[in-house]
Amino acid sequence: MANPDKNKALNTKKLKMPFGVPGHNLTEIEREVPADEPSALPVNEKLSVVGKRVKRVDALQKVTGAAKYTADIQLPGMLYGKFLRSPYPHARIKSLDVSAARKHPGVFAVIVQGKEGEQKDQYDGKELPRLRFAGQAIAAVAAESMNIAREALGLIKVEYEPLPFVVNLDEARKPGAPLVYEEVIEDRGSAGDVGVTAADEQKGNLRGPTTSSFFGGPRGDVEKGFAEADVILEKEYRTQVQTHCCLETHGAVADWRPDMLTVYSSNQSTRDTRNDLVELFGLPTSKVRVVTEFMGGGFGSKFGAGETGVAATWLSKLSGRPVKLMLEREEEQISAGNRPNSHQILKVGAKKDGTLTAVDLLSYGTAGVGLGAGVGRVAQDMYVCPNFKMAQYDVFTHAGPGQAFRAPGNVQGAFAMESLIDELAEKLDMDPLALRDKIDANDIRRIQRKAGAEKFGWKRRKAGADTGPVKRGIGVAQATWPRFVEMDSSVMVRINRSGSVEALSGVQDIGTGTKTIIAQVVAEELGLKAEDITIKIGDTNYPDALGSGGSKTAENITPPARNATYQAKLKMLQGVAAAWQVDVEDIELKNGEVFVKADPSKKMTFAEAAKRMPTSQVIATASRTADYGGFLSGSWLGHGRLGAVQFAEVSVDTETGFIKVERVVAVHTCGRPINPMQLESQINGGVIMGVGYALLEDRVIDPNTGHQVNTGLDTYKLPYAKEIPQIECVLIENYDAHSSTDVAGIGEPANIATAAAIANAVYNAIGVRIYELPITPQKVLAALGHI
Amino acid sequence: MIEFVLNRQLICTDKPAAMPLLDFIRREQRLTGAKVGCGEGDCGACLVLEGRLEEGRMQYRPIVSCLTPLANAHGRHIVTVEGLNLRHLSPVQEAVAEHSAAQCGFCTPGVIVALTALCLSEAPLSPEKAIAALDGNLCRCTGYQSLKKAALAVAARLPVERQNRAIPWLIEQGWLPAYFDAIPGQVAQIPRCSPAFAPGRPILGGGTDLLVQQAGQLMAEAPNLLCERWEIGGICEDGDSCFIGGGLPIAAILENRTLNRHIPGLGRCAPLIASTPVRNMGTLGGNLANASPIADLAIIFLAFETRVLLNGPSGRRELPLEDFYLAYKQIDKSPSEYLEGLRLRLPGARRLFSFEKVSKRTHLDIASVNTAIGLDFDGETMSRVRLSAGGVSPVPLLLRRTGAFLEGKMISESVLGRANALMQEEISPISDIRGSADYKRLLLRQLFFAHFLKLFPEHLSFENIHNEGLLAHEKHSRFRAREGAIRLSG
């Protein structure tokens, strides 16, 4: 861990900042902050733009169809790329002949995966990577049209030696199961920093156990804890594989030129994508540009250059032409990532009053050929029990690799933990909320439970109380997610003499509203409106910033946006301050006007003030600084906890097994809310993703063929507008005084508790607990003993 | 030559007939507002408006352009999001922007088109209809709450009565660009084309199945495009029967006034079948000839005395719909014949009809099990009964024995209980991705009872049906109709 003082600024000043929850315990706290950062931002109530329901600054482009996504990029001479994919779940390539494809008219480049640099006609199978899932990329072509590219793929001759395969989590764990890897594979942290590490053992298809996370390792003495328990519950839970289903598939347009590589890419991190390409192609960082102006959803699956970015770049380099390579929906569903499934055996011990004495988790999960199926952070961190241990195993199968997916591990983990806590409450004859009040040390969640119970009208029914075939039930579940500081996040602010203002950053807006919140923060500092600020982001030509994932973008991009604005403002006002004979700090900007705080008769418009700038532009750039609160600082460190509580009401038709989620109340806290409208949209989206996970979504692989059965959106079921419950969001404002904006994220917490809350509500409705997601009508009827 | 108006511009192209309209719009015309989301008609990111000249006025419906054969655009007005842009934001665009309903924005152009289609429709409005206008739009970001708010805001600003006036009103009020005014004249000048039927070549209707399965192959093969030809037939009443053209889209059939007069409740089946855009495209002929055992229209029309009309080089012939299905995915039709339409014997005035369907997802899904029933009465007894079921045998099944058993009997719980026992012998469901065999048996039983509970709520009690329904542990349960629980469609 980094030394907290290492990044401490040399010149500091002291600020009194808001601290706590308005209406509950709001007070002030003194923080020592870098001297060049602005004064404390008051609570939202006292602000004009921040905390308000501001319309998205890019809404115009989106509603007119003018917003250009990666697939919309059209460059002169552009070619179309396409992958050849494995028809076998496990095979060795005996020989590969691409000569006919190379000669096919209209084909400009052919690459073979793993041998991109070697331009040959025939490849000996021994030199090629083994095929480990049905749909794994083997080769790619670039051609003048998509049809020619398809034809060329048909001309590639591959001789396969099919090998035994295993796609099922349980089968893959058995001794003698076909091995996915014979060698120990490198941990690439592909699925959101959960689960195994490089140090863990690999035996058969099992890797692990991992006994720690970034929250630490085992605590206390679990055996002693169980011995002290009055009640011990041990249950098994299973969750399915969920695919991201980004509406825009993965893809890139690469334009390799002698002086510069430009890659347009649908991705969550322009910086990481550029760094991948720099490393792979040995180019200077300054010669690679990655652009992501608009992108159609990522949910964790689009970090770095990835398969499409790398292949498009190779094909462009070899052909000398720009190349577009977008995945088709089927390829997306098979190869572009998923949330690993899980089999969890969770055991808790408790005293009669609810106090937890021990928590013990054993988990297995498969991220296919990838790693990252750990689920333990919820068990470890939600109810910080003094006696805790876990053993998490990753299980390799012949299936597409897992990727980070909105709250990796925590969604699976919360289903198990929150189901078990619900069961424990019943066993102890306690209300589930009262039990949580007893065992949950998190102050924010305590406030959330109270607020949510009021809004929801929490009054738990007796299971099976309804007499008709349609049973109603309610349930509650909680979320926990870490807060991350990522200091590699910079914003440049330019004020032009004409009075226009721009904010520039490499950060991308993946749909969450990053552009808008930057505009709000900048506008607040300058006394302007959000729409007055031009936001230029999603391009590595601008200052580097973090990737959008882990609910950390708002937390880490708004402080540098405000700090840079503040510094540019000081430069802009120098002339005016001199003319008025006041200090720049004595000048206030509000409602488009610039005036002296103590003497409002000295005033002019913002545009007039800008005209007095000494240069045509004033420019300031700031980076995220160490956290104010004396938390650990560094480039990638978790601190704090983001909590959430969600309540669900369901009706279950015991005749058909059909479940309808009637209502969800989602109570969330994310520090200072910048834009409640966007936050609500994120929460609604998280809840619906949870509804899909609870009831519908399930990747199915045929164990006989090893092929994914539901590769289309017709067979992989997602919720549509008519399936959704009424969702009510309760936002609890909370000030921690940890940065100049004091913002935290929302993306992951919104998605963690929903499925567990629905599962608990289904139990409350029908009196039978279902331990496996998704909860389908057939499972309901089976649980009720009807089939 | 394929000719149509794309937004403001007349298009004449010799691109392949089966080229997806979306590819033409994006690649050839460089209009990138419509997006490629799934390529299978499920996500609605590629929605465009299709305008047809009907009785001198344009009628617009949303369609998924990824599955629309380019040639089906012939003689039409195709409108993408770009064709809806004005100097200011339209009230639809405004509503989506104001309610933060565009998150990542990838689905947004499709949403704008779907909501504009709602404005263009002259059917009476309701909040439910406003939300249903988005039934074919997939959004992975917003949780649909903001989209629903936008839809309701749009509906609230539309006048309730817009009969025959939708387009002029929308132009006057700044909802639609003024060029829409001139479209009927432009479209009228495009010559109709009815090419001769080329036996042996594939037959392409609305594209909703074939463009998913074999788009590349169709592009090379110059298929028979029969939408135009079939429309001439339309729906015509002829004495005691009615002809229904095989090229008619599902929506046109379900919404048809003549058919709804004879088959009460037919229109209310629509929300359970596909999505709004797919219903506007998928044809009767396609739904029947695709030979899916769960084809909704096959199940519906099996509840009536219906004959299939085939046309081919050796002339016309017809046969009962139930005999059209031979085995799994096999039909009594040679490759050189095409399905001209159905001849429906018009039911008597007292004919009752019910359609029920259960699928994994309530809307926009294919059935796990579906069933329909047509009932005639002679006094208190059932005189003619036609009961159909899908998903429980290799073909869309007419349950002849169960129907015959019911004929001549009065409705009672015990009769239905015995009918169910017989029905269970007539079916042979298999376990697949849509459910286990036992689950489907149970579903069909429930849906069979649901037909009668829906049609005769006064005569029957759920409790008594269940006493006859073989599940002892349910004897205490009492029926309480709840929409979305047992889905009552009729």
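For clarity, every value in this text was computed on a predicted model and none was experimentally measured.

### Here we look at the overall build of chain B
Step number 1: Of regular secondary structure, chain B possesses 19 helices and 18 strands.
Step number 2: Dimensions of chain B along its principal axes, counting C-alpha atoms only, are 65 × 55 × 40 Å.
Step number 3: Out of the 490 residues belonging to chain B, those deemed buried represent 63%.
Step number 4: In chain B, the share of contacts with a sequence separation of at least 24, taken over all contacts with a separation of at least 6, comes to 65%.

### Focus: the nonpolar core
Step number 1: Membership of the largest hydrophobic core comes to 172 residues, with the highest contact counts inside it found for A:Leu424 and B:Phe4.
Step number 2: Among residues more than four places away in sequence, those in contact with A:Leu424 are A:Val231, A:Leu233, A:Val348, A:Ala350, A:Leu356 and A:Leu435.
Step number 3: Membership of the second largest hydrophobic core comes to 77 residues, among which are B:Ile253, B:Leu259, B:Leu444 and B:Phe452.

### Quick notes on the sheet that holds strand β25 (residues 599–605) of chain A
Residue and element names in this part refer to chain A.
Step number 1: The strand order across the open sheet built from three strands is β23-β24-β25, with neighbouring strands paired in antiparallel fashion. Strand pairing shows two members of the sheet lacking a second neighbour, β23 (587–590) and β25, which therefore form its edges. Neighbour-to-neighbour, the strand axes of this sheet turn through a mean angle of 30°, independent of strand direction.

### Observations concerning helix α8 (residues 210–221) of chain B
Step number 1: Compared with an ideal rise of 1.5 Å per residue, which puts twelve residues at 16 Å, α8(B) spans 13 Å between its outermost C-alpha atoms and falls more than 12% short.
Step number 2: Looking one or two places after α8(B), you find B:Ala222, whose phi comes out positive at around 50°.

### Observations concerning the packing of aromatic side chains
Step number 1: For the structure shown, the criterion picks out 25 aromatic pairs over all chains.
Step number 2: Ring geometry for A:Trp481 and A:Phe484: centres 6.3 Å apart, planes at 75°, overall edge-to-face.
Step number 3: Judged by relative accessible area, A:Trp481 falls into the buried class, the value being 3%.
Step number 4: Classification of A:Phe484 as buried rests on a relative accessible area of 5%.
Step number 5: When the centroid spacing of 5.3 Å and the interplanar angle of 70° are considered together, the rings of B:Phe324 and B:Tyr325 count as edge-to-face. Per residue, the accessibility class of B:Phe324 equals that of B:Tyr325, and both read buried.
Step number 6: Aromatic rings pair up to connect B:Phe377, B:Phe448, B:Phe449, B:Phe452 and B:Phe456 into one cluster.

### Examining the interface of chain B and chain A
One frequent convention defines the size of an interface as the accessible area lost when the parts assemble.
Step number 1: On the chain A side, the residues contacting the 77 residues of chain B number 78 residues.
Step number 2: Between chain B and chain A, roughly 6,500 Å² of surface is buried when both sides are summed, and carbon and sulfur atoms account for 57% of that area.
Step number 3: For chain B, the biggest contributors to the area lost against chain A are B:Gln103, B:Arg140 and B:Arg361; these three give 14% of the whole.
Step number 4: In this structure, the connection of chain B to chain A is made through six salt bridges.
Step number 5: Counting the contacts that link chain B with chain A gives 28 residue pairs in polar contact (both at pLDDT 80 or more).
Step number 6: If one sorts the elements of the side of chain B that touches chain A by residue count, helix α18 (residues 437–455) of chain B sits on top with six residues.

### A closer look at the side chain of A:Asn205
All names here are of chain A.
Step number 1: Along the chain, Asn 205 falls in the loop between β9 (202–203) and β10 (206–210).
Step number 2: Here the side chain of Asn 205 touches Ala 172 through a polar contact of 3.3 Å, landing on its backbone oxygen.
Step number 3: A distance of 2.9 Å separates a polar side-chain atom of Asn 205 from the backbone oxygen of Pro 178.
Step number 4: In this structure, Asn 205 is in contact with Val 166, Ala 172, Ala 177, Pro 178, Leu 179, Val 180, Tyr 181, Asp 394, Val 395 and Phe 396, ignoring residues within four places of it in sequence.

### So, the packing of helix α16 (residues 676–695) of chain A against helix α18 (residues 754–766) of chain A
Residue and element names in this part refer to chain A.
Step number 1: Packing of α16 against α18 brings their axes to within 8 Å, and their N-to-C directions diverge by 50°. Taken as axis vectors, α16 and α18 run oblique relative to one another. Two packed elements cross with a definite hand, and for α16 against α18 that hand is right-handed. Two secondary-structure elements touch here, α16 through Gly 686, Val 687, Gly 690, Val 691, Tyr 693, Ala 694 and Leu 695 and α18 through Thr 754, Ala 755 and Ile 758.
Step number 2: Of the residues in the contact of α16 with α18, the class split is seven nonpolar, three polar and no charged.

### What about the packing of helix α2 (residues 91–98) of chain B against helix α5 (residues 145–157) of chain B?
All names here are of chain B.
Step number 1: It is the contact of α2 with α5, at a shortest axis distance of 8 Å, that shows an interaxial angle of 145°. Crossing angle aside, the handedness with which α2 passes α5 is right-handed. The segment α2 lies against α5, with Pro 91, Val 92, Glu 94, Ala 95 and Val 96 engaging Ala 150, Ala 153, Val 154 and Arg 157.

### Comments concerning the confidence of the model for chain B
All names here are of chain B.
Step number 1: Per-residue pLDDT for chain B averages 89, and the proportion of residues at 70 or more is 92%.
Step number 2: Contacts of residues 469–490 to residues separated by more than four positions or lying in other chains number 64 contacts, the stretch itself having pLDDT below 50.
Step number 3: Quick note on the complex model: pTM equals 0.95, ipTM equals 0.96.

### Here we look at the sheet that holds strand β17 (residues 356–365) of chain A
Residues and elements named next belong to chain A.
Step number 1: Pairing within the open sheet is mixed, and its six strands lie in the order β9-β10-β18-β17-β16-β11. With one partner strand each, in any of the chains shown, β9 and β11 (231–239) form the two edges of the open sheet.
Step number 2: One ladder, built from eight bridges, connects strand β16 (residues 342–350) with β17; its direction is antiparallel. Paired with Ala 350 across the two strands is Leu 356, which belongs to β17.

### Observations regarding the pairing of strand β5 (residues 107–112) of chain A
All names here are of chain A.
Step number 1: Of all the six residues making up β5, five are buried; the element is thus mostly covered by neighbouring parts of the structure.
Step number 2: Note: β5 against strand β7 (residues 137–143), five bridges, orientation antiparallel. Bridged to Ile 111 within β7 is Ala 140.

### What to know about the environment of A:Leu695
All names here are of chain A.
Step number 1: Take Leu 695: it is sitting in helix α16.
Step number 2: Overall, the relative accessible area of 13% leaves Leu 695 in the buried class.
Step number 3: The sequence separation of Leu 695 and Pro 777 amounts to 82 residues, and the corresponding C-alpha distance is 8.7 Å.
Step number 4: Ignoring sequence-local partners within four residues, the contact set of Leu 695 consists of Ile 659, Val 661, Ile 758, Pro 774, Ile 775 and Thr 776.

### Here's the deal with the confidence of the model for chain A
Step number 1: Put simply, chain A has an average pLDDT of 94, and 96% of its residues get 70 or more.
Step number 2: In this model residues 1–7 of chain A is a low-confidence stretch, pLDDT under 50, and it forms eleven contacts with partners more than four residues away in sequence or in other chains.

### Notes on helix α14 (residues 553–580) of chain A
Residues and elements named next belong to chain A.
Step number 1: For α14, spanning 28 residues, the distance from its first C-alpha to its last is 39 Å, which sits close to the expected 40 Å at 1.5 Å a residue.
Step number 2: The sharpest bend along α14 measures roughly 45° and falls at Leu 573.
Step number 3: Most of α14 is tucked away: 22 of the 28 residues are buried.
Step number 4: Looking one or two residues beyond α14, the residue adopting positive phi is Gln 581, at roughly 55°.

### Section: unusual backbone geometry
Step number 1: A cis amide bond links A:Gly208 to the next residue, A:Pro209, at an omega of 5°.
Step number 2: The omega torsion of the bond from A:Leu773 to A:Pro774 falls at -5°, within 30 degrees of zero and hence cis.
Step number 3: Turning to its location among the elements, A:Pro774 is positioned in the loop between α18 and α19 (777–783).
Step number 4: In this structure, A:Asn591 takes a positive phi of about 50° despite not being glycine.
Step number 5: Note that A:Asn591 resides in the loop between β23 and β24 (593–596).
Step number 6: For A:Asn591, a relative accessible area of 66% corresponds to the exposed category.
Step number 7: Backbone geometry at B:Leu364 places phi at a positive 50°, although glycine is not the residue there.
Step number 8: As for its placement among the helices and strands, B:Leu364 is situated in the loop between β15 (352–358) and β16 (369–378).

### A few points about the domain arrangement of chain A
Residues and elements named next belong to chain A.
Step number 1: We note that the domain assignment places domain 1 (48–67 + 486–623), domain 2 (75–165 + 250–326), domain 3 (194–244 + 340–415) and domain 4 (442–483 + 634–783) within chain A.
Step number 2: The straight-line distance from the C-alpha centre of domain 2 to that of domain 4 is 38 Å.
Step number 3: Across the boundary between the two partners, domain 2 contributes five residues, which contact six residues of domain 4.
Step number 4: If you sort the residues of domain 2 by the area they bury against domain 4, Ala 134, Phe 165 and Phe 299 come out on top, with a joint share of 71%.
Step number 5: Applying the counting criterion to the domain 2 and domain 4 interface returns zero salt bridges.
Step number 6: Taken together, the connections running from domain 2 to domain 4 amount to one residue pair in polar contact (both at pLDDT 80 or more).
Step number 7: Across the side of domain 2 that touches domain 4, the residue classes tally to five nonpolar, no polar and no charged.

The rules behind these values
Residues numbered from 1 in each chain as written. Chains lettered and ligands numbered in written order. Predicted model: local features only at pLDDT ≥ 70, side-chain atom pairs only at ≥ 80, totals over all residues. Heavy atoms only, no water. Helix = DSSP H or I, 4+ residues; strand = E, 2+ residues; numbered from the N terminus. Buried < 20%, exposed > 50% of the residue type's maximum accessible area, 1.4 Å probe, protein only. Contact = heavy atoms within 4.5 Å. Core = buried A, V, L, I, M, F, W, Y, C linked by side-chain atoms within 4.5 Å. Pairing = 2+ DSSP bridges. Axes fitted to C-alpha atoms, helices over the stretch in contact; angles between N-to-C directions. Expected span 1.5 Å × (residues − 1). Phe/Tyr/Trp six-rings, centres within 6.5 Å; stacked < 30°, edge-to-face > 60°. Buried area = accessible area lost by both parts, 1.4 Å probe. Salt bridge = Lys/Arg side-chain N within 4 Å of Asp/Glu carboxyl O. Polar contact = N/O pair within 3.5 Å; in protein donor to acceptor, adjacent residues only side chain to side chain. Parallel < 35°, antiparallel > 145°, perpendicular 65-115°, else oblique. Left-handed = near helix turned anticlockwise from the far one by under 90°. Nonpolar A, V, L, I, M, F, W, Y, C, P; charged D, E, K, R; others polar. pLDDT = per-residue confidence, 0-100. Bend = angle between axes of the 7 residues up to and from the residue. Domains from an automatic or database assignment.

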